[in-house]
Structure formats: C-alpha cells, structure tokens
Amino acid sequence: MKRNIFLMAAVAVSIMLLGSCNSEVADDANASAAKIDTTHCTTFVIKETPTTRVSITGHVPNGGAVVNWIPDDKLWLRTPADARIGSMGNNLTGVSAWAKFYFPAGYNDATYQVNYLGHTTRTDGRHVTIHPSQWQGVPNNTDHLQYVGDCAEGVAYRDANKAGIYNLTLRHLPAYLCILPYCNNEVIRPGAKVTKIVVRSDNAITGTFDVAASKFAAGTNLGTQIENALNGGNGFSLENNVPNQALNAAYFVIMPGVHTLSIDYYYTTPQMFFPMKITKQVPTRNYLANTMTDIYANINMLSFSPKFYLWDAAEGQDLFVNRNQYDGAPADLPANNTDSRWYNESPIWAAQRSTNIAPNVNQMFWYLANSVIDKDTPWMVDGKTGKGGLWIKKLSVIAQEHGVSIGDLANNYEGIDRRDWWKFEDMVSSHFAAGSNIFRSPTLSPTNPIDVSKYIFLPTISATFTGGIYRLRTDDGRYWSSSRQVITGFGPDQYRTEAYYFGFDTQSTPALVNHRNIFFGRANMQTPMQIFKAE
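Throughout what follows, the structure given in this document is the object of discussion. (Residues numbered from 1 in each chain as written. Predicted model: local features only at pLDDT ≥ 70, side-chain atom pairs only at ≥ 80, totals over all residues. Heavy atoms only, no water.)

Looking at the sheet that holds strand 31 (residues 518-524)
Strand order in the open sheet made by the three strands is 29-30-31, with antiparallel pairing throughout. Unpaired on one side and paired on the other, strand 29 (477-487) and strand 31 mark the two borders of the sheet. Averaged over all adjacent pairs, the angle separating strand axes in this sheet is 30°, with direction ignored. (Pairing = 2+ DSSP bridges. Helix = DSSP H or I, 4+ residues; strand = E, 2+ residues; numbered from the N terminus. Axes fitted to C-alpha atoms, helices over the stretch in contact; angles between N-to-C directions.)

A word on the environment of Ala 212
Structurally, Ala 212 is set in helix 2 (residues 211-214). A relative accessible area of 6% places Ala 212 in the buried class. Sequence-distant contacts of Ala 212, that is, excluding residues within four places in its chain, are made with Arg 78, Arg 84, Gln 113, Asn 115 and Glu 153. (Buried < 20%, exposed > 50% of the residue type's maximum accessible area, 1.4 Å probe, protein only. Contact = heavy atoms within 4.5 Å.)

Section: empty space enclosed by the protein
With the rule as written, the count across this model stands at one cavity of 30 Å³ or more. Lining of the largest cavity is provided by Leu 117, Gly 118, His 119, Arg 122, Val 128, Thr 129, His 131, Gln 146, Tyr 147, Val 148 and Gly 149. Mapped by element, the contributors of at least two residues to the lining of the largest cavity are strand 10 (128-130) and helix 1 (145-148). Ranked by the residues each element gives to the lining of the largest cavity, the list is headed by helix 1, at three residues. Split by residue class, the lining of the largest cavity holds four nonpolar, six polar and one charged. (1 Å grid on protein atoms, 1.4 Å probe; cavity = no way out; pocket = protein on both sides within 12 Å on 5 of 7 lines; lining within 4 Å. Points joined across faces, edges and corners; volume = space filled by probe spheres on them. Nonpolar A, V, L, I, M, F, W, Y, C, P; charged D, E, K, R; others polar.)

Some details on the side chain of Thr 355
Of note, Thr 355 is situated in the loop between strand 23 (302-304) and helix 4 (361-369). Setting aside residues up to four positions removed in sequence, Thr 355 forms contacts with Leu 310, Trp 311, Asp 312, Ala 313, Trp 480, Ser 481, Ser 482 and Ile 531.

Some thoughts on the sheet that holds strand 15 (residues 206-209)
Spatially, three strands are ordered 10-15-16 in an open sheet, and the strand pairing comes out antiparallel. Looking along the sheet, the strands with just one partner apiece sit at the ends: strand 10 and strand 16 (219-223). Neighbour-to-neighbour, the strand axes of the sheet open up by a mean angle of 5°, direction not taken into account. Taken together, the three bridges between strand 10 and strand 15 define a ladder with antiparallel strand orientation. Of the residues in strand 15, the one forming a bridge with Ile 130 is Gly 207.

Re the layout of surface pockets
Space left empty within the atom packing is revealed by a probe, the size of a water molecule, rolled over the atoms. Of the voids in this model, the largest pocket is the one considered here, and its volume is about 590 Å³. What lines the largest pocket is a set of 21 residues, among which Pro 275, Ser 305, Pro 306, Lys 307 and Asp 318 lie closest to the centre. Per-element accounting of the lining of the largest pocket gives the leading share, five residues, to strand 21 (residues 272-287). Partitioning the lining of the largest pocket into residue classes produces eleven nonpolar, four polar and six charged. Considered as a void within the structure, the second largest pocket measures approximately 200 Å³ in volume. Lining the second largest pocket are Leu 333, Ser 462, Ala 463, Thr 464, Phe 465, Arg 473, Asp 476, Arg 478, Gln 526, Thr 527, Pro 528 and Met 529. The greatest single-element share of the lining of the second largest pocket, amounting to three residues, is contributed by strand 27 (residues 462-464).

Right, here's the structure in full:
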C-alpha cells in the first residue's frame, strides 16, 4: 500500500501533491446561475496553488492526482451564528482548475469557514454522508465520490485590496482508497471479472456528519462496511496478471482514522460456474484525511462459498438462507413442506425452481464422459483449504466435437434418452460392472494438460449433517441433476421421492474393480447437495 497526499502545505519529498485548483480575480463573464449580477455578490476565489476539489482525476499509484472544479459544484459558508449559506453560482462552464463562487452581498468578516459537501443532491447544506454503498460504473473513475461522501473544508480570508473578495484554499476531509486487483493464476485469469468489493473495518468508516461543526468526531448511522458493486454487478476485468489501473482500479471514500480493514473480493471466471470470494486482510494503519491509499490485491486463489439445496427447493432457499454457515454450525434441516427450503413435491419429471439450471441426466452423462480428474488444484472454502476437483468439458464444446446441437445433448446420451428410469439403471449397472471403463476419467498432469477455456471446474466439496451438525467435506464432490426418478411402465407414473445426482472422489486410487473416481445414482430429495448450471 502507498498513501498519496491530496493537499499539504509542506510535505516530504517522496509525497506527491495533486495539481492546482485555483481562480484568478478576473472575467466574470462565465458566471452561472442564470446571469448572476456579480457586482452585488461576495466572491470567494479558489486562490492558492495547493489543490482542492472536486473532480479527482489522473491518480497515479504511488503518486498524486489531479483535481478540478465542475459547474455543478457548490460551496457552503458557515456564519458565526452557525447558519449555512449556499453559493448562488460560479464562473464555471466546464472542468477547470480555477473557480470563483458567488454568495449574497453583506458578508464582511475577516474570515469564514467554507465547506464543500459533495453533489448538491446529496446534502442539505449541513450534512455529508459517507455511504455504505459506493457504486462505481467505470474502471479507474472517481465521478461517484461526489455522491458518496467526498467533502472538503477551508478558511476564506478577506482580500484587503479588493472589496467583496475572499481567497480560499480547500482541503479534503475524508480518506480515500484506490484498490488495484490483479490475478496471476492462469486457471482463473482468462475471462475473469471482479464483480464486487466489500471493505470491512473494526470500527466506523461510514455515517452522516456535520463536518463543518465537528469533522467526523460525531455522527449518526455509523457503519463498519462499504460495498461497491462494480459496473452494477457486471464487474471489471480481472484478466491482468500485474496491477493495471486503467483496467480495474476501484475508488472508495472512508472516514479518516486508525482502521484494521478486511477486504472481500467477489469474482467470477468462465472456468468456474460458482461465483467466488476471497478475503484479504490489511494491517492496521492510520488513514489520514486528504490522502489516498493504494491497495494491491492478487486474486490468485479459487475460493468457494458453497450453497446446499434440497432437490429443486424454491429459488434462493438454500439450507443456510438467513442462517450462519460455517463448518460445525447447527444444520437445522427442514422437516416438512412448511419450510420454504423443502424440496419440490410437485409431480414433475424435471426441476422447475432452483435445480432447473442443473444438467439433466443425459447432459450429466455427456459431462462425465468428457471429464478430467484434477488431484492438485488448490482452493479454499469457508476458510478451509482443499484441493482437486473435476474438469468437465463445456456442452458447447462437446456438441461441436460430436457434430450435434446442444439440444441433442439434453435429449439423449449416445442415442438413448437416459431419463427413463430403467435406462438410467442400465448405465449404473454398466458403470460398476467388473472391468468396465465407462467414465473412468483420466487425471490432469503435465503430460495430460487441458485447455481450461473449454472446461468448467467443479471442486471436491460436499457436506455431512450427522447429528444436526454441518460438516464440510473436501474429499468428495456431489451435485444434483435436474432429473427426478419417475417409474413408468407399471400403470400410472410413479413419482419417487428420489432424484439423480453425480459425484467424484479425486484423492483415492480406483484400484478395486467396483470402485470408480466417478459415481452417480439417485438420492432422497431431502438430501442437501450443490447445484451448478449446465452450460
């Protein structure tokens, strides 16, 4: 991390100052606010060379930044009686390092405290809010800061030689973060995106404040977390293997002070169906007002937060919805259909709710026939480490290689619709027969590499719930299919309370004739398992 100073009267030579944000006492022709008669105004001139507000641009990691004024900016004067008077307009027609702001005539004290409180739609002239939600739509852009807590303060001094003129230099009051993620893991990096960054602190970093009266010493609605859904949740690219400010720099405004920060990075990659999250701890430090701290983060670990569902439970109703999920947590398994997490009891062949995105039985077999066992790729899950998983070839690649459509893969496996219960059972018998090589997947190795862009990775994650306690397993992976077992051919269709699933064990050696790294079958629909999207 490196802290960069926005505005200091004198600083060490290693610290970069931002550029100027000044105004000359001349040319009132560009006055805003509908032709203000500046002859009857008190004019506050942004005078000194050290920078002020508002548009923070051109930040250079380990260096400074450029700040400018924009036409929408407004200043607030604090009177000795603690009234707050807003500027009537300014002389700006575009972005500028110089500015003049106009106030009503009649202010003649030697000095006045003046504040910038962010965008005019976000302040009542007295309060500024450092928001717990700080959206940023474009990489390496700070336009959003004026809406989420940017503010500044200065003392205006009456010009002894020019009546009605005050000179002013402003200083930013919050602290700022520039977060620069990158990824040097070639399994993750192709097509990767960082979708959200959450900054968490051991003490308050957000709230609503009367900064003119007390800076950040007193506030309301204090909070310890800031969330930034990058590009509306669509994310910024994470395809850089070294920091790349233009590609994905994210900016935050926080309360100054001594904080111990934890930063959660949410990210995706086409090679993983599951969204991932990794947490980076930042050592305790003093985040000074008027500084920007660069934080670099190598997002190089596969990190999963698994969700377990009963078969085709309602959307979003995983086993731990609105409950704490951690290894050893009480499982609180649903007991009947009065619980929203219950499985789908409707008389259906295929899932309709949470599990409808999963592969059906035919797609499942195509996946297993085009899979590679991975014994070594490391990952994390809820703070635990594990390794290994199953690389399954994407359906689009399988279809192209076999000269069929993706729809064909859903309708049959090698010409037979295995959704029929007895044809599924044929596959079970064939797979576990002595000497069978069905679905005996090869193992990933330096001599047996794969093009990861053509595959999806499923980690070796499952769970047990013995005694009502949730225990993570990192040696066995199990995933639901979207197909339910329905017995046909014996009168009316019999909708069993079982659905099909598959799994894999990447660490053992399939030495016994009836043991396979790959397995599949049917399970009671009350069994919690993971779901992934067929693609």
